[in-house]
Amino acid sequence: MSESANQDHFLKRTIEEDIAGGRWGAPGDRSVVRTRFPPEPNGFLHIGHAKSICLNFGLAEQFGGSCNLRFDDTNPVKEDKLFVESIVRDVRWLGFRWPGASESDPMEGVRFASDYFQLMHDCAVDLIKKGLAYVDDQTPEQIREGRGAPGVPGTNSPFRDRPIEESLELFEKMVAGEFPEGSRVLRAKIDMASPNFNMRDPVMYRIVKMAHHRTGDAWRVYPMYDWAHGLEDSVEGITHSICTLEFEDHRPLYDWFIKSINEGRSEPLHHPQQIEFARLNLGYTVMSKRKLKQLVDEKRVEGWDDPRMPTIAGYRRRGYTPESVRSFCRDIGVSRFNSLIDPGRLENACREHLNAVAPRRMAVLKPLKVVIENFPEGETRHIEAVNNPEDASAGVRKVPFTRELYIERDDFMEDPPKKFFRLGPGREVRLRYACLLTCIEAVKDASGEVVELRCTYDPETWGGKNPPDGRKVKGTLHWVSAVHGIKAEVRNYDRLFSIEDPNHTPKGAPETWSFLDAINPDSLEVISGAVLEPALAQDPASSNEPAWPDGIRRVQFERHGYYCIDSASTPERPVWNRTVSLKDSWAKIAQKG
RNA sequence: UCGGGAUUGGUGUAAUUGGCAGCACGACUGAUUCUGGUUCAGUUAGUCCAGGUUCGAGUCCUGGAUCCCGAGCCA
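Just so it is clear, the model here is predicted, and its values are computed rather than measured.

Draft legend 1. Quick peek at the packing of helix 2 (residues 47-63) against helix 11 (residues 322-332). Where helix 2 meets helix 11, the axes come as close as 9 Å, and the angle between the chain directions of the two elements is 75°. The orientation of helix 2 with respect to helix 11, classified from their angle, is roughly perpendicular. Taken together, the residues of helix 11 that come into contact with helix 2 (itself represented by Ile47, Ala50, Lys51 and Cys54) are Val325, Arg326, Phe328, Cys329 and Ile332. Residue classes in the contact of helix 2 with helix 11 are distributed as seven nonpolar, no polar and two charged.

Draft legend 2. Region of the structure containing the side chain of Asn68. Assignment of secondary structure puts Asn68 in strand 2 (residues 66-71). Among the polar contacts listed, one links the side chain of Asn68 to the side chain of Glu236, at a separation of 2.8 Å. If near-sequence neighbours (up to four positions away) are discounted, Asn68 is found in contact with Thr35, Arg36, Phe37, Phe57, Trp98, Pro99, Arg111, Glu236 and Ile238.

Draft legend 3. A look at unusual backbone geometry. Positive phi outside glycine occurs at Asn544, with the angle close to 65°. Here Asn544 falls in the partly exposed class, since its relative accessible area comes to 43%. Not every positive phi belongs to a glycine, and Arg559 is a case in point at roughly 70°. Within the secondary structure, Arg559 is located in the loop between strand 23 (554-557) and strand 24 (561-565). For Arg559, a relative accessible area of 34% corresponds to the partly exposed category.

Draft legend 4. Representation of the protein's contact with RNA strand B in the model. Every one of the 68 residues lining RNA strand B counts as a neighbour, but Ser335, Arg360, Arg422, Gly464 and Gln556 are closest to it. Sugar plus phosphate, as a fraction of atoms of RNA strand B within 4 Å of the protein: 63%. In this structure, a base nitrogen belonging to RNA strand B sits 3.5 Å away from a side-chain N or O atom of Glu558. The contact in question runs from a sugar or linking oxygen of RNA strand B to an N or O atom on the side chain of Ser585, over 2.9 Å. Listing elements by their share of the surface near RNA strand B, those giving two or more residues are helix 5 (140-146), strand 6 (203-207), helix 12 (344-357) and helix 13 (585-592). Sort the elements by how many residues they give to the surface near RNA strand B and helix 13 lands first, with five residues. Residues that form the surface near RNA strand B fall into these classes: 24 nonpolar, 20 polar and 24 charged.

Draft legend 5. Inspection of the sheet that holds strand 18 (residues 450-457) at higher detail. Reading across the sheet, the seven strands line up as 19-16-17-18-12-15-20 and stay open at both edges, with mixed pairing between neighbours. A strand with exactly one partner marks an edge of an open sheet, and here the two such strands are strand 19 (476-477) and strand 20 (479-481). Bridge analysis of strand 16 (residues 428-431) against strand 19 gives two bridges, and the strand direction is parallel. Within the sheet, the bridge partner assigned to Arg430 lies in strand 19 and is Thr476.

Draft legend 6. Molecular detail of a positive patch on the surface. The grouping of Lys419, Lys583, Lys588 and Lys592 at the surface amounts to a positive patch. Here Lys583 is to be found in the loop between strand 25 (575-581) and helix 13. Lys583 sits in the exposed class, given a relative accessible area of 68%.

Draft legend 7. The arrangement of the side chain of Ser241 in detail. Considering the arrangement of structural elements, one finds Ser241 in strand 8 (residues 240-244). What makes Ser241 buried here is its relative accessible area of 1%. A polar side-chain atom of Ser241 sits 2.7 Å from a polar atom in the side chain of Asp233. Discounting chain neighbours no more than four positions away, the residues touching Ser241 are Arg36, His229, Asp233, Tyr254, Gln273, Gln274 and Ile275.

Draft legend 8. Up close: the sheet that holds strand 6. What the four strands build is an open sheet, ordered 4-5-6-7; its pairing is antiparallel. Two strands lie at the open edges of the sheet, namely strand 4 (133-136) and strand 7 (221-223), each paired on one side alone. The average angle at which neighbouring strand axes cross in this sheet is 20°, direction not considered. Across three bridges, the pairing between strand 5 (residues 185-188) and strand 6 is antiparallel.

Draft legend 9. Up close: the domain arrangement of chain A. Assigned domains within chain A: domain 1 (10-111 + 227-341), domain 2 (117-224), domain 3 (363-478) and domain 4 (490-592). Relative placement of domain 1 and domain 4: their C-alpha centres are 29 Å apart. Contacts between the two partners involve 23 residues from domain 1 and, on the opposite side, 28 residues from domain 4. Buried surface at the junction of domain 1 and domain 4, summed over both partners, amounts to about 2,300 Å²; 59% is from carbon and sulfur atoms. The largest contributions to the domain 1 side of the interface with domain 4 come from Tyr284, Arg308 and Arg318, which together make up 35% of the buried area. Taken together, domain 1 and domain 4 are joined by one salt bridge. Among the salt bridges present, the one from Asp566 reaches Arg317, with a minimum N-O distance of 2.8 Å. Between the two partners, domain 1 and domain 4, sit 12 residue pairs in polar contact (both at pLDDT 80 or more). Within the residue set of the side of domain 1 that touches domain 4, elements represented by two or more residues are helix 9 (289-297) and helix 10 (312-318). Considering every element that reaches the side of domain 1 that touches domain 4, the biggest residue donor is helix 9, with four residues. Class assignment for the residues of the side of domain 1 that touches domain 4 results in nine nonpolar, five polar and nine charged.

Draft legend 10. Just the pairing of strand 17 (residues 435-444), in detail. Here strand 16 runs beside strand 17; their pairing, made up of four bridges, is antiparallel. By the bridge assignment, Arg430 is partnered in strand 17 with Leu436. Connecting strand 16 to the antiparallel partner strand 17 that follows it, the hairpin turn spans three residues, and Tyr433 within it adopts a positive phi of roughly 70°. As judged from the seven bridges shared by strand 17 and strand 18, these two strands associate in the antiparallel manner.

Draft legend 11. Layout of the confidence of the model for chain A. Looking at chain A, the pLDDT average stands at 96 and 99% of residues meet or exceed 70. In this model, residues 1-6 is a region of pLDDT below 50 whose contacts with residues beyond four sequence positions or in other chains number nine contacts. This prediction of the complex comes with two scores: 0.96 for pTM and 0.96 for ipTM.

Draft legend 12. Main features of the pattern of salt bridges. Counting across every chain of the model gives 50 salt bridges. When the shortest N-O distance is used, the salt bridge between Glu232 and Arg70 registers 3.0 Å. With Glu232 in helix 7 (residues 225-235) and Arg70 in strand 2, the pair connects residues that are 162 residues apart, well separated along the chain. By relative accessible area, Glu232 is classed as buried at 0%. The exposure class of Arg70 is buried, given its relative accessible area of 0%. Linking Arg162 and Glu166 is a salt bridge whose minimum nitrogen-to-oxygen distance equals 2.8 Å. On the accessibility criterion, Arg162 (12% relative accessible area) is buried.

Calculation notes
- Numbers given to residues run from 1 along each chain, matching the order in which its sequence is written.
- Each chain is given a letter, starting from A, and each ligand a number, starting from 1, according to the order in which they appear as written.
- Thresholds applied to this predicted model are a pLDDT of at least 70 for local features of residues and 80 or more for the giving and counting of side-chain atom pairs; totals over whole chains, interfaces and linings are not thresholded and use all residues.
- Here the side-chain values reflect all heavy atoms present in the structure, with hydrogen atoms and water set aside.
- The axes are straight lines fitted to the C-alpha atoms, using for helices just the contacting stretch, and the angles between their N-to-C directions are given from 0 to 180°.
- The helix and strand labels rest on DSSP assignments: H or I over at least four residues marks a helix, E over at least two residues marks a strand, and numbering proceeds from the N terminus.
- By definition in this entry, angles of less than 35 degrees are roughly parallel, angles greater than 145 are roughly antiparallel, angles of 65 to 115 are roughly perpendicular, and the rest are oblique.
- We call two residues in contact whenever any of their non-hydrogen atoms come within 4.5 Å of each other.
- Residues were grouped as follows: Ala, Val, Leu, Ile, Met, Phe, Trp, Tyr, Cys and Pro as nonpolar; Asp, Glu, Lys and Arg as charged; and all remaining residues, including Gly, as polar.
- N or O atoms within 3.5 Å of each other form a polar contact, as long as, within protein, one can give a hydrogen and the other can take it, and as long as residues adjacent in sequence are counted only when both atoms are side-chain atoms.
- Only protein chains enter the accessibility calculation, which uses a 1.4 Å probe. A residue is then buried if its area is under 20% of the maximum for its type, exposed if over 50%, and partly exposed in between.
- A cutoff of 4 Å decides nearness: a residue is near a molecule or strand if any of its heavy atoms lies inside that distance of it.
- Each pair of strands is called paired provided DSSP finds at least two bridges between the two strands.
- Each patch is built from residues that are more than 30% exposed by relative accessible area and take part in no salt bridge. Like charges join if they lie within 9 Å; nonpolar side chains (Val, Leu, Ile, Met, Phe, Trp, Tyr) join within 5 Å.
- Accessibility throughout is a Shrake-Rupley quantity obtained with a 1.4 Å probe, and a residue counts as covered only by protein chains that appear here.
- By definition, a salt bridge exists where a carboxyl oxygen of Asp or Glu is found within 4 Å of a side-chain nitrogen of Lys or Arg.
- The convention is simple: Lys and Arg are positive, Asp and Glu are negative, and His and the chain ends are not counted.
- Charge coordinates come from a single atom per side chain, which is NZ of Lys, CZ of Arg, CG of Asp or CD of Glu.
- Note: domain ranges come from an automatic or database domain assignment.
- Buried area: the accessible surface (1.4 Å probe) lost by two parts on joining, summed over both.
- You can read pLDDT as the predictor saying how much it trusts each residue, on a scale of 0 to 100.

So this is what it looks like as structure tokens:
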């Protein structure tokens, strides 16, 4: 199934109608569609951005148009080159390319709002000359007070009707850096009585005397979002400027700016259509940059790429594949309703992809030693095991089997209930790919804890054969040879928050409650004594593992889940991250009792 | 208080613009299985509320409820 196919939503329909009506070119010409993804380089991208990225790039792809990656870098106070690099990396990792993108230079073809600062300036001068913008000398407090309140109209600034020449002169002095920060702004002259606050003479430029990461000290004034964004879109020939719902009230201003610039122009600027959609909300996490930054700054997580973070970098380190993120974004659809998506949707998308492509390996997370009394000491037999039952072309590998093995501690119970199909005293199970095994004795230490199982195997079932007498076993256990197994640290992650919506104070919570109080204390489980089958210490190519485009090695630990090697892992001290667990119907049964 | 937007099974999302409320995910049941995985088959459950128009309303009209956004020199 093609990822871009059979997606039908209101955005696509709107574009279809525009094309049919010839709004942007010859009627029926689908290739005219131009979109853009316009992040501000002031933080890391998160899964909500992924939705926007998939929408913008996806729509362009579906129509045969194009989508720009453009940084909305209009505020040097908050922005940083570091974020530009991480954002470019994330968009590329997701698999999207913009016009002019190259594989050798990741920055090639990337656009910046700052590229258009001169044009914005010139258009601002034009508006001043038309009497549609003016320099306001009021303090920020005075401007705020003058703006009025809901239901209460604002009042005109005393500088609103100053002569055009004076505004022109003052604006150029602002640009030249002759005034201190906060002393003056350029405002559009619209309507202080508008019920829409955005139309109450919005600020177009403020004075900021800080070096910009790209333009340096060239500018001492910086454009506000509303003034800048429509022009950026216009210059790039964007047809559909897709943004989130909170910008709905800004649309009249978006249109007013372009309309006002075009007034009296012989060659009017291109006028894009702004369309809003509902941003993504994911359950059991937070999405605001402020809150994510707080988690990082207060060291509640390891960093922006902590595998528990809903950032793209976090999901990447966690082992999610770009395909699964894209698939998720497609599945959840798009509308104007503020929904709260169950994180299980993302997990499922990931399982679906990894089930098809991840090689299977055996890993014992919490080992319990098994001694097979009728298996010769010192002997190693190599058993053939399939790499992926979903994909015969993935081939096979050899797994060493010895007299002493480790099995999962949870796979043994001294006094097992009926529905427990695994090992217990006197019970028989299958060891995956190897043989049938019967437990004859559980050896305990002084405290009464089971430390070792004495077992026997059935030689007639060697190699996975069924016993000649026809007896059946219900359970199959994974195992690792005690002499060949390699030690590793395994990190199992759970949701970062223990309540579905950490953005809202729960009922009955104290006044001082903050979202930090809802952090799940068990979101990270570090298992230091895991034992992995030896193939996991070898070069991936030597055991028929696929080459992952992003270089992250991913496997399924059989009966556990999908795991990837952590970015900080070393051969001496391997660390594996749980991407997502397998579905576990036994856990459900056990829970019910 | 004012302006803008929204509301369809548990969760998301459709419904040719007035004509059998569909799809996906989950949940549940069963079958298959050397992963309690996968796969397959089946079941479950919905139009925010109250009126009205109509042969017929998720869709149109009136009134109400609830939720989201909005008074940055942030985006």
